[in-house]
Structure formats: C-alpha cells, structure tokens
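Geometric and topological summary
Listed below, chain by chain, are the residues.
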Amino acid sequence: MRGMVLALILLILTPWPASWVRAADVTEVPAGVSSEAVKAFRRGLELHKSKQWTAAIKEYERAVALGGRFPEAFNNLAYCYRKVGQLDRAIELYKTALQLRPTFPQAHDYLSRAYLAKGDRAAALREYEIVRRLDAKLAHCLKGAIDRNDPDYNDMPWASNSPPP
Amino acid sequence: MGLKLPATLGEGATLLVRLGPAVVFLVHGWLKLFGGHHDRTVALFLTVGIPLAENAAWVIGALELLGGAALLTGIFLRPAAALLAMEMAVVIAVVRLPQGFVGAWEFEFVLLLLCLGLALSPERV
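Treat the numbers as computed from the prediction; the structure is a model and nothing was measured. (Residues numbered from 1 in each chain as written. Chains lettered and ligands numbered in written order. Predicted model: local features only at pLDDT ≥ 70, side-chain atom pairs only at ≥ 80, totals over all residues.)

Moving on, we get to the overall build of chain B. Scanning chain B from N- to C-terminus turns up five helices and zero strands. Ordering the α and β elements of chain B from the N terminus gives α-α-α-α-α. In chain B, which comprises 125 residues, the share counted as buried stands at 35%. (Helix = DSSP H or I, 4+ residues; strand = E, 2+ residues; numbered from the N terminus. Buried ≥ 20, exposed ≤ 12 C-beta atoms within 10 Å, placed from the backbone.)

Below, the discussion takes up the environment of A107 of chain A. Residues and elements named next belong to chain A. Residue position: A107 is located in helix 6 (residues 105-118). C-alpha separation for the pair A107 and E127, spaced 20 residues apart in sequence, amounts to 9.4 Å. Those residues within four positions of A107 in sequence are excluded, and the remaining contacts are N75, Y94, A97 and L98. (Contact = placed C-beta atoms within 7 Å.)

All names here are of chain A. Taking 1.5 Å per residue, 13 residues should reach 18 Å; helix 4 (residues 71-83) reaches 18 Å between its end C-alpha atoms and fits that length. Most of helix 4 is tucked away, with twelve of its 13 residues classed as buried. For helix 4, the set of buried residues is P71, E72, A73, F74, N75, N76, L77, A78, Y79, C80, Y81 and R82. Close packing links the buried residues of helix 4 with helix 2 (35-49), helix 3 (53-67), helix 5 (87-100) and helix 6. Just downstream of helix 4, G85 is the residue with a positive phi angle, here 90 degrees. (Expected span 1.5 Å × (residues − 1).)

Bringing the environment of L19 of chain B into the picture now. Within the secondary structure, L19 of chain B is located in helix 1 (residues 7-34). Separated by 19 residues in the primary sequence, L19 of chain B and H38 of chain B place their C-alpha atoms 24 Å from one another.

Before going further, it helps to examine the nonpolar core. In terms of nonpolar packing, the biggest core is built from 49 residues, with Y60, F74, L77, A78, Y94 and A97 of chain A touching the most fellow members. Beyond its immediate chain neighbours, meaning those up to four positions away, F74 of chain A contacts V64, L93, T96, A97 and L100 of chain A. (Core = buried A, V, L, I, M, F, W, Y, C linked by C-beta atoms within 7 Å.)

Here we come to the confidence of the model for chain B. Residues and elements named next belong to chain B. In the predicted model, chain B carries a mean pLDDT of 92, and the fraction of residues at 70 or more is 92%. Within chain B, helix 2 (residues 38-48) carries the highest mean pLDDT (98), whereas helix 1 carries the lowest (89). Scored as a complex, the prediction yields pTM 0.83 and ipTM 0.84. (pLDDT = per-residue confidence, 0-100.)

Time to look at unusual backbone geometry. All names here are of chain A. Phi angles above zero are rare outside glycine, and K51 is one such case at about 60 degrees. You can see K51 is positioned in the loop between helix 2 and helix 3. Look at K51 and you get exposed, because 12 C-beta atoms sit within 10 Å. In this model, N149 sits at a positive phi of 55 degrees, which is unusual for a non-glycine residue. When you line up the elements, N149 lands in the segment after helix 8 (136-148).

Spelled out as structure tokens, the structure:
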C-alpha cells in the first residue's frame, strides 16, 4: 500500500515534458559504422548523383564491406544495381537495408519499384502500403508509378542523400 | 551479515527499479496510441511480417501503456511484467537481432531482464 502511494506521488510529481510524448523525427546514425565506411559511402554518393552507376556500386560495396550494418549504403547500392538492371540483387539488398532499419521509407519505395520492374505488382502494392504509413509524399509519387506501371515514374535521382556525419 | 534497511527505504529502492521500465513503456504506449506513432508501428509490423498488423499495433500500444501503469503502481504487476517481457523477447527475435547488440537490441534486452525479474520476483516489489 505504501509502495502504491509512493508510486502515485512520483507519477504526479514527474514533470512529463511535452517533448517526451511528441513524435521525434531524428536522423538515425547507424551505430558502429566506421569513418572509412562513411567516406566510401560519400564517394559513392557523388558518383551516384552523376549517375555513374558502376563506379558508385564499387564505392558502396566498399562501404558495406567496411561498415557492416549500414542501411543507407545497402539502400543506395541496391538503387545502383536496379539502375544497371540487376533486379534480383537489388531486391536482396533492399531487404538487407530493411532488416537493419525496418521503417526506412525510401528503401520500401525502391523495393516496391524493383518489384514493379519485375512485374510483381502484388508485392509492389504491399510495399506501397508500408510507404503510405511512413511518408505520405513519397507514397503519392510511388502510387503514380504503380498506376502507370512505370517504376521510373517520379523516381528520385538518388536515394539516401543524408549520410551519417 | 546483511545491511538492514528501513522498510520505507527498501520500498523506495524497489520502486526505482520499477520506475525505469514503467516510464519507458508508458511513453511508448502513449505514442503508439495517441502520439502519432501508430502508422509507424503498423509499417514496422508489416515489414517484419507480424500478422494482423493494424490490430496488433493497437494491442501492443495498449499493452505498453497499461503495462507501464501496472509497473508504476504495482497493481497486476507480475502478469503485466510477464507480458512485457514476452513482448521484448519477440522484438529482439523478430526485429532487433539483425541490427546487432550495440545501439540495437541492448535496450530491449535490459527491459526484458527487468520485466522478467519483476514477473518472477517471489516477493511483492
């Protein structure tokens, strides 16, 4: 009984700042990713932006090998493989990115597009349903691609453009 | 020879042990139910293949909010702690394991052990 009274007093006295119960959207920096991996990622990103897919793949592969659990690198690597037509490899890599960060909107978006490119509309729609929950704007663009059956419709030129510091 | 603490101090100490997970579950349960995290939770459940993701997200939100309140007040403490421990075990196995220990499943692991300890405690804590 005394414990309950103590607990209630503590509950009442707890300040409960508003920021505790407000959804915070912070950049997730992967734990344990080495600086070498981030450097390789950034080199890959520059090549990626200039659409040098094969060269970007080399850098992203290096980032993945050095970084281990690095969802941005897996996501961007998958994007490049998708652009050079290696859809199965891309899908496998998107799934790895999503294992590392299950609520990664871009990876879901791109995975949906990869399924669409393979002709698997049902799987593309399943991913769309997840994107809809995570990012309304991205979902709107993706819906356009699915409706037109065009994986490249409203596809952004590069994926994760905000690498960890 | 054990150190004999006054009864009130002992109760306060065990309350502190309950307070940590209680606050965490209360805040996360609130966010899932009322704080705009419902869709994110559904997305997570759909990604990892939890069946009936929409309903499951509401159930888990309610479990965390009510479970947190139970840990705090001590009412239905053991069953609530057992359910929360089970939830943490599932989270570790289904979501967190591929992400590694540091920065990933270490947090759920601590919550799991705390809840398990509270659920299995022979005395009222």
